[in-house]
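Architecture and fold: a report
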Amino acid sequence: MTLVDTTASTVGGPGLPQERRLVTEIPGPRSREIHARKQAAVANGVGVTLPVYITAAGGGVVVDADGNSLIDLGSGIAVTTVGNSAPEVAAAVTAQVNAFTHTCFTITGYEGYVEVAEALNRLTPGDHAKRSALFNSGAEAVENAIKVARSYTGKQAVVAFDHAYHGRTNLTMALTAKSMPYKSGFGPFAPEVYRAPLSYPLRDGGLTGAEAAKIAITQIEKQIGAANLAAIIIEPILGEGGFIVPAEGFLPALVAWANANDVVFIADEVQSGFGRTGDMFASEHEGIVPDLVVTAKGIAGGLPLSAITGRAEIMDAPHAGGLGGTYTGNPLACAAALAAIELYEQGDLLARARRIEEIIREKFAAAADPRIAEVRGRGAMMAIELVDPATGEPDAGLTSRVAAAAHADGVVLLTCGTYGNVVRFLPSLAISDELLGEGLDVVIAALARA
Ligand code: PLZ
């Protein structure tokens, strides 16, 4: 990548100097000042992981209000996969914002929405006839996937899994497993949502995928019954719950059971989709073909867009006018998505994600720290799970100390996991090998000190 020095400007994109450069403590005085205003103006429930306030971003860095350049290993939670302010995305959005900003697609349409639907129908797993519908957020798309499944099957129950994360709206809170911080105090939750046990190789005693699926299916049959079940929803690699990769065979067994029992199988690929895992969709790794796929995050290079895509007969079940929303499939977000999708299809981004996995695995293999119970994930969706080596118990304290130390040293680092003991790596695919390596070295040094 050619680097253009735009130090003096506040313009983002890959032209920003690709370096970790700290000119103040983190957070610096200007960020602290904005943060104090945030505390006074923004609702307390809206937390901030690392209180630096960003003025520009691109490639593998974010630049804050004090002029610090931090290595970004989070991509705004797996969103800026093609890069932050990727030039192609910025140009497409600029052209669209100058043409028109909004009509409401369900009042008067525009071609960009249709083109995004066509692209999703082409790119998602399976070569059956498909339809798509666009929304704004991941949670909104998940809700609509459930609506479609209920409409198609005429049934009501939905199964989600241990460690699942599907959003913060009422129905998606019900689907999400973890109480704090997502659900606690916010009930009552939507009814007819049931939870099944997951395959979690590190923590389920090494069950095979087939064994874990048998346990889950037996529980579903005994506690709910296929006759009442509209849908099973699962993240092919679980995100917020800890970057858990179910044992091989678990997902295919669930799909086979769902297909045989008139149950809609929904893959929530909000976090794992769009090149993140080295395949376009994580479902492809085990060759599963979901009935419905939910996408968001990486789809549009940072603009808010989400979608559901699936079998035409299922997607067409709701009556005309049954799906919609004022901003759903906003034209700016569609323009961004089309530019991003072109990058996924034409560039070598999938190979780039696989290379990022190699770099991360090599670094942590070399670190050989007994507190790392597992290095797992795929592509640019990787994580380490931290434990007390004496007992194998999750070590959330160590995890937050590592994250805090990395933040202080200029690396945006995210944690996750039901037990709060997983450090996750979600770099942009536009990050350079050098910058990624440096960011990981900071994390490894933080771990050694913690
Ligand atoms: N499904 C698999 O990962 C969003 C949550 C951030 P929205 N994950 C980030 C937070 O703390 O709110 C997510 C996901 C999966 C659904 C969602 C929900 O997507 O766009 O945040 O609504």
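Coordinates for the structure precede this section.
Quick caveat, the model's predicted, so the values are computed rather than measured. (Residues numbered from 1 in each chain as written. Predicted model: local features only at pLDDT ≥ 70, side-chain atom pairs only at ≥ 80, totals over all residues. Heavy atoms only, no water.)

**Topic: the packing of helix 3 (residues 87-99) against helix 10 (residues 331-346)**
Filter applied, for reference: Between the N-to-C directions of two axes lies an angle of 0 to 180 degrees, each axis being a line fitted to C-alpha atoms and, for a helix, fitted only over the stretch in contact. Note on conventions: DSSP H or I runs of at least 4 residues are helices, E runs of at least 2 residues are strands, and numbering of each starts at the N terminus. Put simply, angles under 35 degrees are roughly parallel, angles over 145 are roughly antiparallel, angles from 65 to 115 are roughly perpendicular, and the rest are oblique. The sense of a crossing depends on the near helix, which, turned anticlockwise from the far helix by less than a right angle, makes the crossing left-handed and, turned clockwise, makes it right-handed. Working rule for contacts: check all heavy atoms of both residues, and any pair within 4.5 Å makes them a contact. Polar here means any residue outside two lists: the nonpolar Ala, Val, Leu, Ile, Met, Phe, Trp, Tyr, Cys and Pro, and the charged Asp, Glu, Lys and Arg; Gly therefore counts as polar.
Across the interface, helix 3 lies against helix 10 with an axial gap of 8 Å and an inter-helix angle of 150 degrees. As far as their axial angle goes, helix 10 and helix 3 are roughly antiparallel. At the point where helix 3 passes helix 10, the crossing takes the right-handed sense. Contacts between helix 3 and helix 10 involve E88, V89, A92, V93, Q96 and V97 from the first element and P331, L332, A335, A336, A339, A340 and L343 from the second. Its residues assigned to classes, the contact of helix 3 with helix 10 comprises 11 nonpolar, one polar and one charged.

**Let's talk about unusual backbone geometry**
Cis geometry marks the peptide bond from M180 to P181, where omega comes out at 5 degrees. For P181, the location among the structural elements is in the loop between helix 6 (170-175) and strand 6 (193-196). Cis geometry marks the peptide bond from G187 to P188; its omega dihedral reads 5 degrees. On the secondary structure map, P188 appears in the loop between helix 6 and strand 6. One non-glycine residue with positive phi stands out, namely I77, at about 60 degrees. For F243, which is not glycine, the phi torsion reads 50 degrees and is therefore positive. Inspection of the secondary structure puts F243 in the loop between strand 7 (229-234) and helix 8 (250-260).

**Remarks on the sheet that holds strand 8 (residues 264-268)**
Rule in force here: A pair of strands is labelled paired if DSSP reports no fewer than 2 bridges between them.
On the basis of which strands lie adjacent, the open sheet formed by seven strands has the order 4-10-9-8-7-5-6 and mixed pairing. Across the chains shown, the open sheet's two edge strands, defined by having one partner strand only, are strand 4 (130-135) and strand 6. Each strand axis lies, on average, 20 degrees off the axis of its neighbour in the sheet, ignoring direction. Pairing between strand 7 and strand 8: four bridges, direction parallel. Pairing of I234 across the sheet is with A267, part of strand 8. Here helix 4 (residues 111-123) sits on the sheet and contacts strand 4, strand 9 (292-295) and strand 10 (306-311); the angle it forms with strand 4, its principal contact strand, is near 130 degrees.

**Section: helix 5 (residues 138-153)**
The test is simple: Expected span of a helix, by definition, is 1.5 Å for each gap between consecutive residues, and there is one gap fewer than residues. Note on classification: 1.4 Å probe, protein chains only; a residue is buried when its accessible area is under 20% of the maximum for its type, exposed when over 50%, partly exposed between these limits.
For helix 5, spanning 16 residues, the distance from its first C-alpha to its last is 23 Å, which sits close to the expected 22 Å at 1.5 Å a residue. Of the positions making up helix 5, those classed as buried are G138, A139, A141, V142, N144, A145, I146, V148, A149 and T153. In the segment just after helix 5, G154 is the residue with positive phi, at about 70 degrees.

**Here we look at the environment of P427**
Of note, P427 is situated in the loop between strand 15 (422-425) and helix 13 (433-449). Counting along the chain gives 356 residues from P427 to I71, while the straight-line C-alpha distance between them is 9.0 Å. Apart from the residues lying within four places of it in its own chain, the contact partners of P427 are D72, L73, S75, R276, I356, A380 and L436.

**Some points on the packing of aromatic side chains**
For any two aromatic rings, the description comes down to two numbers: the centre-to-centre distance and the angle of the planes. For the record, the criterion: Two rings belonging to Phe, Tyr or Trp (six-membered ring only in the last case) form a pair when the distance between their centres is within 6.5 Å. Interplanar angles under 30 degrees mark stacking, angles over 60 mark edge-to-face geometry, and anything in between is tilted. Comment: the charge-over-ring label is applied if NZ (Lys) or CZ (Arg) is within 6 Å of the ring centre and within 35 degrees of the ring normal.
Using the criterion set out here, one finds eight aromatic pairs in the structure. Here the aromatic rings of F364 and F425 are separated by 5.4 Å at their centres, their planes lie at 40 degrees, and the arrangement is tilted. Of the two residues, F364 is situated in helix 11 (residues 349-367) and F425 in strand 15; the sequence distance between them amounts to 61 residues. Put simply, the rings of F100, F105, Y110 and Y113 pair up and form one aromatic cluster. Note that K183 overlies the ring of F189, its terminal NZ or CZ placed 5.1 Å from the centroid.

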